[in-house]
Amino acid sequence: MKYFTLLIALLLFSCGKKEDVLLPKSNITLVKDVQDHSPIYIFFKTEAKDTIADLNRKSAIISTSWIFNIDKRLPLKLVIPQVIKMQDKKRNEKMHQNEESENYYSYADSVGKNLAFVPFTKVFYKMEKPDKSNFVVYFRKGKKQVFMGNKEIKISEILQRFYSIKFERVPDLVFFFDKNMSYEEYIQYKILLQKDVTYNLDKLPLEFIF
């Protein structure tokens, strides 16, 4: 499947109006191609001094895989409620549900100069703090590494560190993201997590946004 030449932005034309989505970029490709898909757009807009995550789901077909094209400038606290809304819509659909359909975030592959994708079908989001019974990996805004307890470590070390701890009762591993980080920063984390951590797991950790 061929997309664009240089994907810094996606363009959507509707009713004679051009709107653009500035995509995150990475030099790592996770998924190169998605078959039988339909797009969902979340645009960056401003009204007065407020930033708005403007959801356009007109082309979303429930039985297909969904590709979420989201503007990198938006803060995570505005993006994830819209994503949750669409996840719930697909998960609660009974008539036209397709169990093989997936959800993906799109980003620009700066090496191949085409679209690439991050799968997140099995991710469940919560817009709150995780409770103390969970083992939390904390992703802070503006940091290249992550925090487990009071230690700052590399993403590639998360599972090694977790499995090295002798728990009386093994807690749930969860990811905690700063709600004020940009969607671009979040996708950079997601790409590294998929590459180094979550592909090893049968069950994806809950993701808390607060």
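Predicted model, so just to flag it, every value in this text is computed and none were measured.

Asks: Mind laying out empty space enclosed by the protein, listing which residues take part and the relevant values?
Replies: Under the definition given, this model contains one cavity of 30 Å³ or more. When its volume is computed, the largest cavity comes out at roughly 80 Å³. Taken together, Val118, Pro119, Val123, Phe175, Lys190, Leu193, Gln194, Thr198, Leu204, Pro205 and Glu207 make up the full set of residues lining the largest cavity. Within the lining of the largest cavity, the residues separate by chemical class into seven nonpolar, two polar and two charged.

Asks: How would you sum up the nonpolar core? Please name residues and give values.
Replies: Counting 45 residues, the largest nonpolar core has Tyr105, Tyr125, Phe139, Ile158 and Phe177 as its most contacted members. For Tyr105, the residues in contact, after removing those within four places along its chain, are Phe68, Ile70, Ile80, Val83, Ala116, Phe117, Val118, Phe120, Tyr125, Tyr183, Tyr186 and Ile187.

Asks: Describe the layout of surface pockets, naming the residues involved and giving the relevant values.
Replies: Looking at the largest pocket, its volume works out to about 380 Å³. Lining the largest pocket are 19 residues, and of these Asp172, Leu173, Lys203, Leu204 and Pro205 sit closest to its centre. Elements that contribute at least two residues to the lining of the largest pocket include exactly helix 2 (158-164) and strand 13 (173-177). The class makeup of the residues in the lining of the largest pocket is 13 nonpolar, one polar and five charged. Size it by volume and the second largest pocket reaches roughly 280 Å³. Surrounding the second largest pocket, Gln87, Lys90, Arg91, Gln97, Asn98, Glu99, Ser101, Glu102, Asn103, Thr121, Lys122 and Phe124 form its lining. When residues of the lining of the second largest pocket are assigned to their parent elements, the largest contribution, three residues, is made by helix 1 (residues 76-92). Of the residues assigned to the lining of the second largest pocket, the class counts are one nonpolar, six polar and five charged.

Asks: Account for the environment of Lys90, naming residues and giving values.
Replies: Note on placement: Lys90 falls in helix 1. Spatially, the C-alpha atom of Lys90 lies 15 Å from that of Asn56, the residues being 34 residues apart in sequence. With residues up to four places along the chain from it excluded, the contact list for Lys90 reads Ile62, Thr64, Ser65, Trp66, Gln97, Ser101, Glu102 and Asn103.

Asks: Break down the packing of aromatic side chains for me, with residues and values.
Replies: Applying the stated criterion across every chain, the model contains 19 aromatic pairs. Centre to centre, the rings of Tyr104 and Phe117 are 6.2 Å apart; their planes meet at 70 degrees, and the pair counts as edge-to-face. Of this pair, Tyr104 sits in strand 7 (residues 103-109) while Phe117 sits in strand 8 (residues 114-119), placing them 13 residues apart in sequence. For the pair shown, Tyr104 and Phe117 are each scored as buried. Above the face of the Phe44 ring, Arg73 is positioned so that its terminal group lies 4.4 Å from the ring centre.

Asks: Explain the side chain of Ser65 to me, using residue names and the numbers behind them.
Replies: Along the chain, Ser65 turns up in strand 6 (residues 65-70). Among the polar contacts listed, one links the side chain of Ser65 to the backbone nitrogen of Glu102, at a separation of 3.0 Å. Not counting residues within four places of it along the chain, the set of residues in contact with Ser65 comprises Val34, Gln35, Asp36, His37, Ser38, Lys90, Ser101, Glu102 and Tyr104.

Asks: Now, about the sheet that holds strand 11 (residues 146-148): what can you tell me, with residues and values included?
Replies: One open sheet holds the six strands; their spatial order is 9-14-13-10-11-12, and the pairing between them is mixed. Pairing within the sheet leaves two strands with one partner each, and these edge strands are strand 9 (125-126) and strand 12 (151-153). Bridge count for strand 9 against strand 14 (residues 207-209) is two bridges, and the pairing is parallel. When the bridges of strand 14 are listed, Lys126 appears paired with Phe208.

Here is what the cut-offs are and how they apply
- Residues numbered from 1 in each chain as written.
- Predicted model: local features only at pLDDT ≥ 70, side-chain atom pairs only at ≥ 80, totals over all residues.
- Heavy atoms only, no water.
- 1 Å grid on protein atoms, 1.4 Å probe; cavity = no way out; pocket = protein on both sides within 12 Å on 5 of 7 lines; lining within 4 Å.
- Points joined across faces, edges and corners; volume = space filled by probe spheres on them.
- Nonpolar A, V, L, I, M, F, W, Y, C, P; charged D, E, K, R; others polar.
- Core = buried A, V, L, I, M, F, W, Y, C linked by side-chain atoms within 4.5 Å.
- Buried < 20%, exposed > 50% of the residue type's maximum accessible area, 1.4 Å probe, protein only.
- Contact = heavy atoms within 4.5 Å.
- Helix = DSSP H or I, 4+ residues; strand = E, 2+ residues; numbered from the N terminus.
- Phe/Tyr/Trp six-rings, centres within 6.5 Å; stacked < 30°, edge-to-face > 60°.
- Lys NZ or Arg CZ within 6 Å of the ring centre and 35° of its normal.
- Polar contact = N/O pair within 3.5 Å; in protein donor to acceptor, adjacent residues only side chain to side chain.
- Pairing = 2+ DSSP bridges.

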